[in-house]
Amino acid sequence: MNLLRIFAMALWAGCCVQIADAQVNITVSKKKTVIDGKDYYLHTVRQGETLYSISKAYGVLQKDIVFSNPDSFEGIRVGQELKIPEKPESGNFQLESSQYIYHITKQGETVYALMQTYHISMEELYRLNPELENSPLQTGQVVTLPKPNPSAPPVPSKYLIHEVQRRETLFSIAGEHGVSINRLMEANPEIDPQSPGIKAGQKIKIPLPDVEPIGIPVEMSKADTIIIRKDAEADPVECDTTVQDSFHIALLLPFSLSDRAPADTSIKKDAEGRYVRKDGTYWIPPFSEMALEFYQGALLAIDSLKQSGLKAQIHTFDTSRDTLQLIRILNDSVMKRIDLIIGPFFTDMVDRVARFAAENHIFYVSPVATNIESVKNSPCLLQVNSGEINTIVPMTDVIARQRDSIRVVLIGNKSENDQSLFTAYQNKLQTILPDSMVTMFQFKVDSIQIPSAYLKKDKRNIVIVTAGNEAFINLVAAQLNASVRDYPIHLYGLVTWTNFINLDPEYLHRLEFHFATAYYVDYQRKEVLRFLQQYRKYYAAEPVVSKQDSYAISPVQYVFLGYDVMFYFCSLLKRYGREFGYCVSGFRLPTLQSDFRFTKVQPSGGYINTSLHVYKYTRDYRIIQMAEKNE
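The structure contained in this document is the topic of the report that follows. Everything quoted here is computed from the prediction, not taken from an experiment.

## A short note on the overall build of the chain
Step number 1: Along the chain, the regular secondary structure elements total 17 helices and 27 strands.
Step number 2: Sequence-distant contacts, at least 24 apart, represent 70% of the contacts inside the chain between residues at least 6 apart.
Step number 3: Looking at the chain as shown, the accessible area adds up to about 29300 Å², and 48% of this sits on carbon and sulfur atoms.

## Quick notes on the pairing of strand β26 (residues 613-617)
Step number 1: A large share of β26 lies buried, amounting to five of its five residues.
Step number 2: Here β26 shows no split at all, with His613, Tyr615 and Tyr617 on one side and Val614 and Lys616 on the other all buried.
Step number 3: Bridge count between strand β23 (residues 514-517) and β26: four bridges; the pairing is antiparallel. Across the sheet, Thr517 pairs through a bridge with His613, a residue of β26.
Step number 4: Bridging between β26 and strand β27 (residues 623-625) involves three bridges; their strand directions are antiparallel. The residue of β27 that forms the bridge with Tyr617 is Ile623.
Step number 5: With antiparallel pairing between neighbouring strands as the criterion, β26 and β27 make up a hairpin whose turn holds five residues, including Tyr621 at a positive phi of roughly 65 degrees.

## Brief notes about the environment of Gln80
Step number 1: Looking at where Gln80 falls in the secondary structure, it is placed in the loop between α3 (62-66) and β4 (81-85).
Step number 2: On the basis of relative accessibility, which here comes to 5%, the residue Gln80 falls in the buried class.
Step number 3: Sequence separation of Gln80 and Leu42 is 38 residues, and the distance between their C-alpha atoms is 10.0 Å.
Step number 4: The contacts of Gln80, once residues within four sequence positions are left out, are His43, Thr44, Val45, Asp71, Ser72 and Gly75.
Step number 5: A polar atom in the side chain of Gln80 sits 3.1 Å from the backbone nitrogen of Arg77.

## Some points on helix α10 (residues 347-359)
Step number 1: For α10, every residue scored as buried is listed here: Met349, Val350, Val353, Ala354, Phe356 and Ala357. All buried residues of α10 project into a common sector of 165 degrees when viewed along the axis, lining one side. Exposed positions of α10 whose direction lies more than 90 degrees from the buried face are Asp348 and Glu359.
Step number 2: Those residues of α10 hidden inside the fold are in contact with β12 (247-253), α9 (323-330), β16 (340-342), β17 (363-366), α11 (372-377) and β18 (381-383).
Step number 3: Positioned one or two residues after α10, His361 has a phi angle of 50 degrees, which is positive.

About the criteria used
Residues numbered from 1 in each chain as written. Predicted model: local features only at pLDDT ≥ 70, side-chain atom pairs only at ≥ 80, totals over all residues. Heavy atoms only, no water. Helix = DSSP H or I, 4+ residues; strand = E, 2+ residues; numbered from the N terminus. Contact = heavy atoms within 4.5 Å. Areas by Shrake-Rupley, 256 points an atom, 1.4 Å probe, with all protein chains shown as cover. Buried < 20%, exposed > 50% of the residue type's maximum accessible area, 1.4 Å probe, protein only. Pairing = 2+ DSSP bridges. Polar contact = N/O pair within 3.5 Å; in protein donor to acceptor, adjacent residues only side chain to side chain. Arc of directions from axis to C-beta.

Given below as structure tokens:
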């Protein structure tokens, strides 16, 4: 599904969004006339112009145009002369003909709300209003709708379209979507029940279940008062429930919708100024996708929190990748009233926002970027992403529990900038294992030694590879896989490998691959399945695992991250007020993808999420969580 359409549907939560809007270049007419004492521009419609682009050019709403030109309800045509009011009238309107209602959208109204109000399916809504499929729903936009039947129930979309990926089966797809094999077969009669094979790239229908509440408890029973300290010198702080009844929250996200042109010259602009690929899909900058996915999840969290009684105004700003834009945002008068800041995504922006947050005593959540030095020096900063270095502790805890039956081989990549991770592992292993149990190598990608040079047959070989280069990992994993029959091997590495396109997952299962991460979605949990139902209902799409990037330690699902961050920190804010940061160390709340446990890094510093779990690929093709140290 097109992400611009998803973004439009996301605005149902009624947040204040400040983003740039691309539009077709329209020349404002100089011809004017007076009708019944009102001033109008006379605009002649040209090729490529739409009601939406004309309304934006003249600074009026679409309803202001159509009510001055009743024949434009049925659409506009090239050469048509439109009367554009110079001073538009206020108010919301609705007209109807014998067959249709012409609905003027109100602020915060969404496609989903129209579907429910007018008992219309998404397919029918887009058939009558094809422009909605690829453009955001605007305040004052004219939407054609069939006359509603008050006795008819709401008509949701019946199916989600799923494109089959490599190695997927009907069984795995049914489990992921929470439907039975029988329902899946009924929705796809073209699949032969006697030989139900499917192929990569094939599109199948997933019947959408009824939506249930996600089920994560927002209101927790009041625990004993938590006593903590702001720093080593300060008096204790009592974390008791707040009397504050409403809040202001700032979201700083890199939507970047008006940023750079794509490098691919085959991607062209359409009449509305949007970039379109050859296949008709819209191109969006990669970080815009991450931001939109995060925003989708955050809006679903806001909806859950509203139902629990949270009163908050969400101020959403587009930071792009522009430091000057960030400075302008921080200088906005509304930022002085903010109780919680979430974002931006980029490491080079963290310090600037952290300084602003410290000066104005506002707690600030960095959801993606990793910057240990910033956390050490910023008392109001809460960093969600633990960073690769912090994965060493849970990984070596698992290794230490096996010390009587293992031999450890540490492998690094000489050609890659992973020296700090290699050295950190080296130092940690020296503190938990005798030197005789550990062998260390650093190879170049063109000189990797064969496994027989460093493996032993009489012990389980734990091979830790600190590299993140896909070509290097492919070579090492292939060599180890070829040796696994002769040597007992467990492979330890980085969660980012699971997102490598060319790394055969069969290798990871045979080598019982171990990785540590703060981000993992268990699709067997009922809360996750209910979240997926909500997501599919509102967005008619499927959450995706974003492409690997240098700002995250894992293939994060930003939809889940947005939900978890917004849900967790708004729950903290609701419970303890704007001083919530001092209470974060003792606060626990179930989430969907991320288990948050925040620790103060030093007396004058901020907080970092130290909750990391180790997961293991098994030979029976499962991924399981390893037991914790204290279990």
